[in-house]
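The chain contents come next:
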Amino acid sequence: MADVRTQLVARVRGMLSHALGATRGRLTQARTELDGSRDRLARTRRAAARVPQRVGAERDRRLAEIADEYEGQLVELARRTAEAATDEAPGAASAPWSRWRPSPADRHEPAGALRVGAVRLPGAEPVPALVPLLDRGHVHLAGDDRAGCDAVVAALLLRAIGRAEPGAVRLIGYDPEHLGGGLAGFAPLSTAGLLTFVGPGGLARLLDDLVDQIRRINETVLAGEYGSLRELAAATGRRPEPWRVAVLLGGDELSRHERGQLDRVVRTGAACGVHLVVRGIELPDEPNVERVLVGDGLTRLRTAPGLAVRLDPPPPAALVTDTCREIAATVTAGPAPAPFTDLLPPVDQMWKEGSATGLTVPIGDGPQGRPVLLSLGDYPPHALIGGPSGTGKTNLIFAWIGSLAARYSPAELEFYLLDFKEGVSFARFAQGRRDPSWLPHMRLVGINVNTDREFGLALLRFLAEELRRRADAAKRHEVTKLAELRAVDPDGHWPRIVAVVDEFQMLLAGRDAVAREAADLLEDLARRGRSQGIHLVLASQDVRGIEALWGRPALVAQFTLRIALPKALRILAERNDAAQALPRHHAVINAESGMAEGNQVARIPSASDWGTWSELQNQLWRMRPQDAAPARLFDGDAVPRLAEAPDFAALRPVEEAAESRAAGGPRGPVALLGEIIDVQSRSAGMRLPRAPGRNLAIIGTRVDEACAVLDAAARSLHRQHAPGTARFSIACLDPDADSAARTLYDSLGDDAAWYDEETVPELMSETATGLGLGAAPGEPHYLLLYAVDAAAGRLAARAGGRTGLEHLRQILHDGPERRTHVLAWWRGVARMRADLGGPASRTDQIGAWVALDVQGAELGSALYPGTGGPDWYPRPWRGLFFDRAVHRTGQTIIPYGPAR
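Residues numbered from 1 in each chain as written. Predicted model: local features only at pLDDT ≥ 70, side-chain atom pairs only at ≥ 80, totals over all residues. Heavy atoms only, no water.

Considering the environment of Leu-463
Under the convention used in this document: Helical segments are the DSSP runs of H or I of at least four residues, strand segments are the runs of E of at least two, and each set is numbered from the N terminus. Exposed residues in this analysis have more than 50% of their type's maximum accessible area, buried residues have under 20%, and partly exposed residues fall in between, with area computed by a 1.4 Å probe over protein chains only. Between two residues, a contact is recorded if the distance between any of their heavy atoms is within 4.5 Å.
Inspection of the secondary structure assignment puts Leu-463 in helix α8 (residues 453–476). Using a relative accessible area of 0% as the deciding quantity, one classes Leu-463 as buried. Spatially, the C-alpha atom of Leu-463 lies 46 Å from that of Gly-837, the residues being 374 residues apart in sequence. Ignoring sequence-local partners within four residues, the contact set of Leu-463 consists of Ile-497, Ala-499, Leu-525, Ile-534 and Leu-536.

Following this line, the structure appears as structure tokens:
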């Protein structure tokens, strides 16, 4: 039992010992774990103590990064904003005053935003503060800083006029308190009509006018096609109306009517280019009203209420006045003309129009940018152009001709041009040395004809003959108008004819026969030409005092198309003064006989410079028909040459001419004396058949001209005879004529014989003796006597019972019937009468004569039919030719120049 107990105690003790050991092990482990936990706790506490410091540093680092990024973005945003502002308001709209200058916007650029100051951002460049005005809205200023308000007004106005084309902004000032003093710097604009002031009490009238302008623009300019002038300008590239900016600087309380009109302008004005800049008057709260609150140093804008704007200083007074003076001078000088190419159709559309019913072409742009048309047809049939020197009359004619020539082919249209003033501007239409091209439509160009009114009369005669030809053709086809004639006779050549006479009053000046006949022909052409497609365009610097025209109301009434250039007088109706306010390069086009209701204002393109016109002419010249011939060019200052005369080139020897006479052609050789002043460039000729009196006298003291007439006559006669079949006896009795006579003698060769003062009596005696023998007519014999009156003393001496003068009279009397003709130069009418037998002698043996520096009264009834002599006033290198067998009146000729 004890053993059991012992064993049990041992076992208990073993178990307790084991439990104690295990407990001690767990205690040790727990203590170890406790120490580890305490260590971890200490470390955690130490780490936790370091976290705020690290997080703060990271927070500070991130905040610094964010601040740097924000500052960069702010700088970039400010830069982009400044660039956008510069793009929105470039040049004069935002440039600082130190380098400011006008810079008009391109037609496609916006011109509405204008700088008034700058917004300053931390760390960034100042950003321009812009105020929308032109085409955008209105500006209302408020605040106690009056100087600041004045600075904003001056800046807005100066930038507006500097950003627009000169004259495109018109200012209206209403300043009842200071009577315009607030806009004094802009006063130079008033000289060009760009600034008007409205006095106290005139606000209602001003607002009424603005409302009327808005209504007119909506009805006639926008016309429902466009919503605003800005939209129209963007679509067409043209702005037909100026901006109108009304500056209203205070005033009394508005009436009900004024308030209503002001509200209408605010609502509808911006679309029509009508804007308000207002201080001291309340404006309605509309979206297009920019409100500017001006405070001490800082300004607030309605569009950016959270940003403070620092105003720019006011523009320097000198800059304002100088700019306004320059703009006013530019506007007064007038706008630049439009390009000539604006009038022309595309190349593939040239010569596509038909002229059967009339001629209609654009001549320029109207105020709304639409083309203004010029028409010639049954109505209006003819045109009258007027304008002082330098106003663009020639340029308008060039533009009209170019516009017509580009649309109508030479088969549809022909031109005849005559310029009575000195100059060669029309010469470019004909073939020249500088430019071999010519305008294919041109048939005649007359220049420098201020002393040759006969050429104008010849043109009218030519047109009258063409009118008769067309009228006869219309009768044959039983029609009345050109359109009908062309329809029934499509193979005929019936183009419309436009005859332009510049400075036409020269043709009608005076009371002589030329003026009377010219006026009669003009009246007939004006009255009947319309139905046959013949149109007259008469141009003049001033038509006052032209009795031959204004004394014929029936003639003036036919010119229903009136074109008045700036300052033109008496072209339009009496009370129509529209031309007095025209700028340069503009014209009033009126197809209602000058009545005011027919006015259209057109801007005329620049068409008169050589390069502009030459390009078009060369293009049309390359398109010309193969059989086209250059226009006839008559230059009153040029001396024609015999070798270039068509009639001289057509002369043939007598044997060939006989065939022509057998066929009914003219008989006898012809002596060409000079060029007739006419349309066809014909030569004045004297036929020398076997008939009494076929002798020629040249009368006058001008040696060169007398020698030229004799030279042309001899050369043309010599051309009609085979060598050795005619005799030419040349007697030179004036030393001054010796050179010209020797030149002729040398050119005639063996057919010529030379005589001088010593031997001329022998020539007279031998010739008269031969005529007295009564034999059959021999070979033609031409006596060319230079200054025959100089040999009067020697011819008065008797030889064989008769004097040389008696022999000369016998030759004059009997010679022509026996093929002996005298072509003699006398240096005076009295000398010739003395050589013919005295004042009472007959002169019918002189069948033709050419008077040079001889007054018409000196010729008298002995040489000229009627009493008092012809209407002839001598002028250089002109002669009056009269042939008893052909003429009823004298014919002005131009002697051919010396042979080259």
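Some details on helix α4 (residues 229–236)
To be explicit about the condition: Starting at the helix axis, one direction is taken to each C-beta atom, and the arc is that of these directions.
Taken as a whole, α4 has its buried residues at Leu-229, Leu-232 and Ala-233. The buried residues of α4 occupy an angular sector of 100 degrees when the element is viewed end-on, so they sit on one face. For α4, the exposed residues lying more than 90 degrees away from the buried face are Ala-234 and Ala-235. Elements that come into contact with the buried residues of α4 comprise α3 (203–222). Backbone geometry just downstream of α4 places Gly-237 in the positive-phi region, at approximately 80 degrees.

Focus on the sheet that holds strand β25 (residues 727–732)
Quick reminder of the rule: A pair of strands is considered paired only if DSSP assigns at least 2 bridges between the two. Angular values range over 0 to 180 degrees, each being the angle between N-to-C directions of two axes fitted as lines to C-alpha atoms, with helices fitted over their stretch in contact.
Strand order in the open sheet made by the 10 strands is β23-β22-β33-β32-β31-β24-β30-β27-β25-β26, with mixed pairing throughout. Since the sheet does not close on itself, it has two edges, and those belong to β23 (683–687) and β26 (752–755), each with one partner. Pairs of neighbouring strands in the sheet enclose a mean axial angle of 25 degrees, with direction left out of account. Bridging between β25 and β26 involves 4 bridges; their strand directions are parallel. When the bridges of β26 are listed, Ala-731 appears paired with Tyr-755. The strands touched by helix α17 (residues 703–719) are β22 (670–676), β24 (696–699), β25, β27 (781–786), β30 (820–826), β31 (848–851) and β33 (891–895); relative to β22, the strand with the most contacts, the crossing angle is about 130 degrees.

Side note on the pairing of strand β15 (residues 442–447)
For β15, the tally of buried residues reaches 5 of 6 residues, placing the bulk of the element in the interior. As defined by bridge partners, strand β14 (residues 413–419) adjoins β15 across 4 bridges and the pair is classed as parallel. The residue of β15 that forms the bridge with Tyr-416 is Leu-444. Alignment of β15 against strand β21 (residues 632–635), held across 4 bridges, turns out to be parallel. Bridging across to β21, Val-445 finds its partner in Leu-633.

Side note on the packing of aromatic side chains
As a reminder, the rule being used: We call Phe, Tyr and Trp rings a pair once their centres come within 6.5 Å, taking the six-membered ring for Trp, and we label the pair stacked below 30 degrees between planes, edge-to-face above 60, and tilted otherwise. Each ring is checked for a lysine NZ or an arginine CZ that lies within 6 Å of its centre and within 35 degrees of its normal; such an atom marks a charge sitting over the ring.
All chains considered together, the criterion is met by 15 aromatic pairs. Ring plane angle 90 degrees and centroid distance 5.1 Å describe the contact between Phe-429 and Trp-613, whose orientation is recorded as edge-to-face. Within this pair, whereas Phe-429 is found in the loop between β14 and β15, its partner Trp-613 is found in helix α14 (residues 610–622), the two being separated by 184 residues in sequence. Exposure remark for Phe-429: the relative accessible area of 0% places this residue in the buried category. By relative accessible area, which is 1% here, Trp-613 ends up buried. Grouping aromatic residues by their ring pairs yields a cluster made of Phe-340, Phe-398, Phe-426, Phe-429 and Trp-613. Lying over the aromatic face of Phe-648, Arg-719 brings its terminal NZ or CZ to 4.6 Å of the ring centre.

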